[in-house]
Amino acid sequence: MMAPVATDTSSKSAGGSGKAGRPAPGRRARRVRMTGAERRQQLLDIGRTVFAEKGFESTSVEEIAAKAGVSKPVVYEHFGGKEGLYAVVVDREMRQLLDMVTGALTAGHPRELLEQAAFALLDYIELYTDGFRILVRDSPVAQSTGTFASLISDIATQVEDILGLEFKARGFDPKLAPLYAQALVGMVALTGQWWVDARRPKKAEVAAHLVNLAWHGLGNLEAKPRMIGHRKV
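The structure reproduced in this document is the subject of the present report. Remember, it's a predicted structure, so these values are computed and weren't measured experimentally.

This next bit is on the overall build of the protein. A count of helices and strands for the protein gives nine helices and zero strands. Helices (α) and strands (β) of the protein occur, in sequence order from the N terminus, as α-α-α-α-α-α-α-α-α. The buried share of the protein, reckoned over its 233 residues, is 40%. The long-range fraction of contacts in the protein, counting pairs at least 24 apart against all pairs at least 6 apart in sequence, stands at 63%. When the accessible surface of the protein is summed, it comes to about 14300 Å², and 54% of that surface belongs to carbon and sulfur atoms.

In structure tokens, the structure reads:
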């Protein structure tokens with residue numbers, strides 16, 4: 001009967017390492033530990049995607065933790081639970097959209113301002129589709145200060161100041177500026193909700209038709225509206 005052959009583990013390993021207990025160079029990547037800020041951002045990114053896909057009610061902390069490769073307590077440590085994570089996601093998206101719209105309002109001509117506002121919202125929908133889907137959903141933590149309606153109201157307030165000056169210059173009652181601001185911004189926003197799924201016609205064409213209706217009214221619509229600003233796509 002042959003004696004069992006001894007395996008030399010002191011000088012070799014399955015990966016060819018020269019020293020015991022050390023993996024061979026290049027055979028296994030070392031897992032990098034995330035910083036607290038990196039982990040928080042990872043959870044926000046994952047939460048944003050899952051909330052957009054499933055909505056608040058159908059999303060669980062377990063699913064978010066599993067996708068992040070962490071335990072549930074890590075999610076609670078950073079956000080206190082699903083509600084806290086959702087609230088931060090919504091707040092970030094609201095700020096992003098509001099900054100994009102208000103930052104785009106730079107032109108002097110009122111019609112071009114309309115074009116810029118329409119493009120800004122459509123740009124946001126195109127670039128941050130998940131965020132837009134989250135904003136237009138109802139949820140238990142999206143109350144008076146975190147709904148799409150409240151966001152539109154914030155944007156309308158920015159437009160209101162511009163319209164007020166224009167009304168005054170044209171001899172119209174500036175007190176009507178809030179009404180017109182809500183009407184204009186609301187029209188663009190609701191069209192955006194439709195376009196997020198339709199994606200037709202192209203963004204520039206959608207913006208042109210929005211401005212066509214807002215600027216000319218139904219009685220004077222252009223058959224083939226054109227943009228007067230520098231944005232064409």
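Here we take up the packing of helix α5 (residues 110–127) against helix α9 (residues 203–216). Put simply, α5 and α9 touch, their axes get as near as 9 Å, and they point 140 degrees apart. By the angle between their axes, α5 is oblique relative to α9. Read as a crossing pair, α5 and α9 show a hand that is right-handed. Only K203, A204, V206, A207, L210, V211, A214, W215 and H216 of α9 make contact with α5, whose side of the interface consists of P110, R111, L114, E115, A118, F119, L122, D123 and E126. For the contact of α5 with α9, the class distribution of residues is twelve nonpolar, one polar and five charged.

Okay, helix α1 (residues 36–54) next. Spanning 19 residues, α1 covers 26 Å between terminal C-alpha atoms, matching the ideal 27 Å at 1.5 Å per step. Among the residues making up α1, those that are buried are R39, Q42, L43, L44, I46, G47, R48, V50, F51 and A52. On its buried face, α1 is in contact with α2 (61–68), α3 (72–79), α4 (82–104) and α6 (129–135). In the stretch just after α1, G55 is the one whose phi turns positive, near 85 degrees.

Another point: the environment of D197. Looking at where D197 falls in the secondary structure, it is placed in helix α8 (residues 177–198). Residue classification places D197 among the exposed residues on the basis of a relative accessible area of 55%. For the pair D197 and T129, spaced 68 residues apart in sequence, the C-alpha to C-alpha distance is 9.6 Å. Side-chain polar atoms of D197 contact the side chain of R133, separated by 3.0 Å.

Reading guide: rules and limits
Residues numbered from 1 in each chain as written. Predicted model: local features only at pLDDT ≥ 70, side-chain atom pairs only at ≥ 80, totals over all residues. Heavy atoms only, no water. Helix = DSSP H or I, 4+ residues; strand = E, 2+ residues; numbered from the N terminus. Buried < 20%, exposed > 50% of the residue type's maximum accessible area, 1.4 Å probe, protein only. Contact = heavy atoms within 4.5 Å. Areas by Shrake-Rupley, 256 points an atom, 1.4 Å probe, with all protein chains shown as cover. Axes fitted to C-alpha atoms, helices over the stretch in contact; angles between N-to-C directions. Parallel < 35°, antiparallel > 145°, perpendicular 65-115°, else oblique. Left-handed = near helix turned anticlockwise from the far one by under 90°. Nonpolar A, V, L, I, M, F, W, Y, C, P; charged D, E, K, R; others polar. Expected span 1.5 Å × (residues − 1). Polar contact = N/O pair within 3.5 Å; in protein donor to acceptor, adjacent residues only side chain to side chain.

Geometric values such as these leave the question of function open.
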